[in-house]
Amino acid sequence: MAETSPQAKSPLRTLREARGLTLVELASALTTAAIAADGDAALKWDTGGLSRAERSGVRSLKRAADLVKFFGGGINEIELLYPDRWPK
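A short tour of the structure in this document, coming up. (Residues numbered from 1 in each chain as written. Predicted model: local features only at pLDDT ≥ 70, side-chain atom pairs only at ≥ 80, totals over all residues. Heavy atoms only, no water.)

## Section: the overall build of the chain
Secondary structure assignment for the chain yields five helices and zero strands. Mapped in sequence order, the helices and strands of the chain form the string α-α-α-α-α. Residues counted as buried form 30% of the 88 residues belonging to the chain. Restricting the contact set of the chain to residue pairs at least 6 apart, pairs at least 24 apart contribute 49%. Working note: accessible area of the chain is about 5800 Å², and carbon and sulfur atoms make up 55% of it. (Helix = DSSP H or I, 4+ residues; strand = E, 2+ residues; numbered from the N terminus. Buried < 20%, exposed > 50% of the residue type's maximum accessible area, 1.4 Å probe, protein only. Contact = heavy atoms within 4.5 Å. Areas by Shrake-Rupley, 256 points an atom, 1.4 Å probe, with all protein chains shown as cover.)

## Things to note about a nonpolar patch on the surface
On the surface, a cluster of nonpolar side chains totalling about 270 Å² of accessible area is made up of Ile78, Tyr82 and Trp86. Looking at where tryptophan 86 falls in the secondary structure, it is placed in the segment after helix H5 (77-81). (Patch = residues over 30% accessible without salt bridge, like charges linked within 9 Å, V, L, I, M, F, W, Y side chains within 5 Å. Salt bridge = Lys/Arg side-chain N within 4 Å of Asp/Glu carboxyl O.)

## As for the pattern of salt bridges
A full pass over the atoms with the stated rule returns four salt bridges. The partner of arginine 16 in a salt bridge is glutamate 54, with the nearest N and O atoms 2.5 Å apart. Of this pair, arginine 16 sits in helix H1 (residues 11-18) while glutamate 54 is found in helix H3 (residues 47-56), placing the two residues 38 residues apart along the sequence. For the residue pair arginine 16 and glutamate 54, the accessibility class agrees, reading buried in each case. Each of Lys9, Arg13 and Glu17 takes part in a single network of salt bridges with overlapping partners.

Here it is in structure tokens:
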């Protein structure tokens, strides 16, 4: 059986790992920031959603904007929405 190569990392995963954050830590920090900014507990982030976003991109413009703001511009919305278009 042929061995498959590991999947290339998305810009979001690369940045998260460079900042030393786990998915759990990032989800918690994003949820806290969203509730503080909007006062809406419905804006929860979860690890499953973040993992999907790392694999196939963010599907919401609001979520992409929240990530850009959280990371202080270390990533842009286009990289989050279309991660497969960026060099690995």
